[in-house]
Amino acid sequence: MKFMKLGSKPDSFQSEGDNVRYVSTDLATDVIVIIGDVKFYLHKFPLLSKSARLQKLITQSSSSNEDHNQIQSQEDEIEIAEIPGGPASFEICAKFCYGMTVTLNAYNVVAARCAAEFLEMYETVEKGNLVYKIEVFLNSSILQSWKDSIIVLQTTRALSPYAEELKLTGRCLDSIASRASIDDTSKVEWSYTYSKKKNLDNGLRKPQAVPRDWWVEDLCDLHIDLYKRAIATIEARGKVSADVIGEALHAYAIRRVPGFSKSSSVQITDFAKYRALVDSIVEMIPDERQSVSSSFLTKLLRASIFLGCDEEENNGLKNRVGERLDEASLSDVMLYDVELMQSLVEVFLKSRNRSEEDGLTAKASVAKLVDGYLAEKSRDSDNLPLQKFLSLAEMVSSFPRQSHDGVYRAIDMFLKEHPEINKSEKKRLCRLMDCRKLSVEACAHAVQNERLPMRVVVQVLFFEQVRANSNNGSSSTGNSTPEIIPASRSTNTEEDTECWDTEDIQALRGELANLRLAKKQQENSLNKGKLMKGGGLGVSRVFSKLWSGKERSGEMMSSSGTSSPGSVNDDSKSSSSTSKKH
């Protein structure tokens, strides 16, 4: 930090309690200057030689005493109601008048400058006066220093409007903006704060080029009013890109907005203050789409809603978040309620209707996000009833997905946390899922899942068998398998949906295991030049029985319609022998 020492005499100011300051000297004091609630017992001559304002005040005080025929006391008394910086800044000026040593630095130079202006300590009164010396210090040292300029700017806030009238605030802003807008960052030779992760090589820090956003963390010390002006001044120079401005806003939000990040330690003592803070940050976000990350927007929206910010501001943020919902992560949206997620999906749909660029990829990302959101939210059974689950899930049901594992996980989690829902409601839930798009792992879990309706388990087994047949190359038997109508398109009654016999399901499971064994045997046979045929025909017959049983309305539950694991194996054997005869 830069500093400047003025004067050479030792400091002989003394205190008596909290409200009395005097100069320790053999000469009796002859003037009392009252600043606020502090009395300064001083001598007229040093003050009058440097301050034109004190000359006028002391003269007026003496004339007033004479006009009232008062007995001349040893000390004149003058009161200054308001002086920039209060008693502390007046003391600096008084010490300068006495020639005592005073030290100016970034923390007190603005107050001293404003007080010197107030006391009219100009060159016309005496050469080398305080105003001149402070101006030299500001221009040659303080405003040439990056961090000192920021400190000085911060102190101007408490000294408004004096600092504004003297253009001290504007000069600090210009100094900061000129350094932040430097074209060649390799010329940044002053110290700055940068806590982002840096590359390490064998435990030693690699020499790195100065990053473009080197300045963003230091400005986080500014109050929001000054920060807005600093960012506006930097943008006005037109040399800093929108993404760097966005990075600056992100750093400021982390430091200042309560709850914005997990590491945030900001305590909320005044909601109105923080609402204004968030509103100001939203106003400063550049118009360029990629200037800030989607994660930044989602966190800012969360904080905005929590603090009860203006609805218009919230709507603007919702639009920004919704348009880029495909870029959001699950952790960013987990604190949103279902209604907010629905509104964000609506915004996303509208934005994608206007622009189809990368539409399929974006929709797939949103579908995955919503699936994960519903799965996690299902743990909170009180705040996610069935209708809310369905409403949100159906909004993205038509979105492309490579796999429906996420849908299955969300449904399974909801069924686990809501065991009270009836068969019809389970049916509505399972319509969201396409069993043909479940992975092998998800299928293995589903066939053992007692929470799923029997019909869905049958579908999973069927499509798993079809997939196994396809992998076996059994095209001839694949055509003989009966067609199963997906649950999402089924028009059967609730009673029909649950008419499957448990033994049939067990039989299918056993046959599926046999089919996988047959696949391995076939692969071995192919190596010997042999080809096994008929794999999976037993399963096909089991499915035929199941679906013909539906038409016979309950016949499936009779002994003739029920296939035990043993009978399924017999059918498989007979069908295999038949195929060999042909």
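Keep in mind that this is a model prediction, so the values were computed, not measured.

**Points about the overall build of the protein**
Working step 1: Scanning the protein from N- to C-terminus turns up 26 helices and 9 strands.
Working step 2: Each of the 582 residues in the protein was classed as buried or not, and the buried ones make up 47%.
Working step 3: Of the contacts formed within the protein by residues at least 6 apart in sequence, a portion of 71% connects residues at least 24 apart.
Working step 4: Summing over all exposed atoms, the protein offers an accessible surface of approximately 29800 Å²; the carbon and sulfur share of this is 48%.

**Focus on the packing of helix 16 (residues 359-377) against helix 17 (residues 386-395)**
Working step 1: Running from N to C, helix 16 and helix 17 point in directions that differ by 170°, and their axes come no closer than 10 Å. Classified by the angle between their axes, helix 16 and helix 17 sit roughly antiparallel to one another. Of the two possible hands of crossing, helix 16 and helix 17 adopt the one that is left-handed. Residues Val370, Tyr373 and Leu374 of helix 16 lie in contact with helix 17, whose contacting residues are Phe389, Leu392 and Ala393.
Working step 2: Of the residues that constitute the contact of helix 16 with helix 17, the class distribution is 6 nonpolar, no polar and no charged.

**Points about the packing of helix 9 (residues 224-237) against helix 11 (residues 271-284)**
Working step 1: The contact between helix 9 and helix 11 brings their axes to 11 Å, and the two run at 5°. As far as their axial angle goes, helix 11 and helix 9 are roughly parallel. Contacts between helix 9 and helix 11 pair Ile224, Tyr227, Lys228 and Ile231 from the former with Leu277, Ser280, Glu283 and Met284 from the latter.

**Concerning the pattern of salt bridges**
Working step 1: Tallied over the full model, the rule gives 22 salt bridges.
Working step 2: Between Glu126 and Lys50 there is a salt bridge; the shortest N-O distance is 2.8 Å. Of this pair, Glu126 sits in the loop between helix 4 (109-118) and helix 5 (130-140) while Lys50 sits in the loop between helix 1 (44-48) and helix 2 (52-67), placing them 76 residues apart in sequence.
Working step 3: Overall, the relative accessible area of 30% leaves Glu126 in the partly exposed class.
Working step 4: Taking the relative accessible area as the measure of exposure, Lys50 reaches 12% and is therefore buried.
Working step 5: Put simply, Arg451 and Asp412 hold a salt bridge, and the shortest N to O gap is 2.9 Å. Taken as a pair, Arg451 in the loop between helix 20 (440-446) and helix 21 (454-472) and Asp412 in helix 18 (residues 405-417) lie far apart in primary sequence, 39 residues in all.

**As for the confidence of the model for the protein**
Working step 1: For the protein, the mean per-residue pLDDT works out to 81, and 75% of the residues sit at or above 70.
Working step 2: This model gives residues 199-204 a pLDDT under 50, and the stretch forms 5 contacts once residues within four places in sequence are excluded.
Working step 3: Within the model, pLDDT remains below 50 along residues 474-499, and this stretch shows 48 contacts once partners closer than five positions in the same chain are excluded.

**Looking at the sheet that holds strand 4 (residues 31-35)**
Working step 1: Taken together, the 5 strands give an open sheet; going across it, the order is 2-3-5-4-6, and neighbouring strands pair in mixed fashion. Among the strands making up the open sheet, the edge pair consists of strand 2 (13-15) and strand 6 (76-80). Neighbour-to-neighbour, the strand axes of this sheet turn through a mean angle of 20°, independent of strand direction.
Working step 2: As judged from the 3 bridges shared by strand 3 (residues 20-23) and strand 5 (residues 38-42), these two strands associate in the parallel manner. Directly across from Tyr22, in strand 5, lies its bridge partner Tyr41.

**Considering unusual backbone geometry**
Working step 1: Cis peptide bonds are those with omega within 30 degrees of zero, and the linkage from Ser160 to Pro161 qualifies with 10°.
Working step 2: When you line up the elements, Pro161 lands in the loop between helix 6 (146-156) and helix 7 (162-165).
Working step 3: One non-glycine residue, Glu120, lies in positive phi territory at about 60°.
Working step 4: A relative accessible area of 17% places Glu120 in the buried class.

**Observations concerning the packing of aromatic side chains**
Working step 1: Enumeration over the complete set of coordinates arrives at 11 aromatic pairs.
Working step 2: Here Phe40 and Phe90 contribute two aromatic rings whose centre-to-centre distance is 5.0 Å and whose plane-to-plane angle is 65°, an arrangement assigned as edge-to-face. With Phe40 in strand 5 and Phe90 in helix 3 (residues 86-98), this residue pair connects regions lying 50 residues apart in the sequence.
Working step 3: Under the relative-accessibility criterion, Phe40 is labelled buried at 1%.
Working step 4: Taking relative accessible area as the criterion, Phe90 reaches 1% and is therefore assigned buried.
Working step 5: Where Phe462 meets Phe463, the ring centres are 5.1 Å apart and the plane angle is 70°; that geometry is what we call edge-to-face. Across this residue pair, the class does not change: Phe462 and Phe463 are buried.
Working step 6: Through a chain of ring-to-ring contacts, the aromatic side chains of Trp146, Trp190, Tyr192 and Trp214 assemble into a single cluster.
Working step 7: Over the ring of Phe118 we find Arg53, and its NZ or CZ is 4.0 Å from the ring centre.

So, how was this worked out
- The residue numbers shown here count from 1 along each chain, following its written sequence.
- In keeping with the model being predicted, local features are shown solely for residues with a pLDDT of at least 70 and side-chain atom pairs are shown and tallied solely at 80 or more, while totals for entire chains, interfaces and linings include all residues.
- In computing side-chain values, all of the structure's heavy atoms are included and hydrogens and water are not.
- Think of it this way: any DSSP run of H or I at least four residues long counts as a helix, any run of E at least two long counts as a strand, and we number them from the N terminus.
- The classification of residues rests on relative accessible area computed with a 1.4 Å probe and restricted to protein chains. Under 20% of the type maximum is buried, over 50% is exposed, and intermediate values are partly exposed.
- Residue contacts are defined here by distance: any two heavy atoms, one from each residue, within 4.5 Å place the two residues in contact.
- In short, Shrake-Rupley with a 1.4 Å probe defines the accessible areas, and a residue's cover is counted only from the protein chains shown.
- Note on method: axes are straight lines fitted to C-alpha atoms, helices fitted across the in-contact stretch only, with angles between N-to-C directions ranging 0 to 180 degrees.
- Angular relationships are summarised with four words: roughly parallel below 35 degrees, roughly antiparallel beyond 145, roughly perpendicular across 65 to 115, and oblique for the angles in between.
- In this scheme the crossing of two helices becomes right-handed for a clockwise turn of the near helix relative to the far one and left-handed for an anticlockwise turn of less than a right angle.
- As a working rule, the residues Ala, Val, Leu, Ile, Met, Phe, Trp, Tyr, Cys and Pro are called nonpolar, Asp, Glu, Lys and Arg charged, and the rest polar, with Gly in that last group.
- Salt bridges are defined as contacts in which a side-chain nitrogen from Lys or Arg sits within 4 Å of a carboxyl oxygen from Asp or Glu.
- By definition, pLDDT measures how confident the predictor is in each residue, and it falls between 0 and 100.
- Two strands qualify as a pair provided DSSP detects at least 2 bridges between them.
- Planes of paired rings set the category: under 30 degrees apart is stacked, over 60 is edge-to-face and the rest tilted, where pairs are Phe, Tyr or Trp rings (Trp by its six-membered ring) whose centres lie within 6.5 Å.
- A ring has a charge above it when a Lys NZ or an Arg CZ is no more than 6 Å from the ring centre and no more than 35 degrees off the ring normal.

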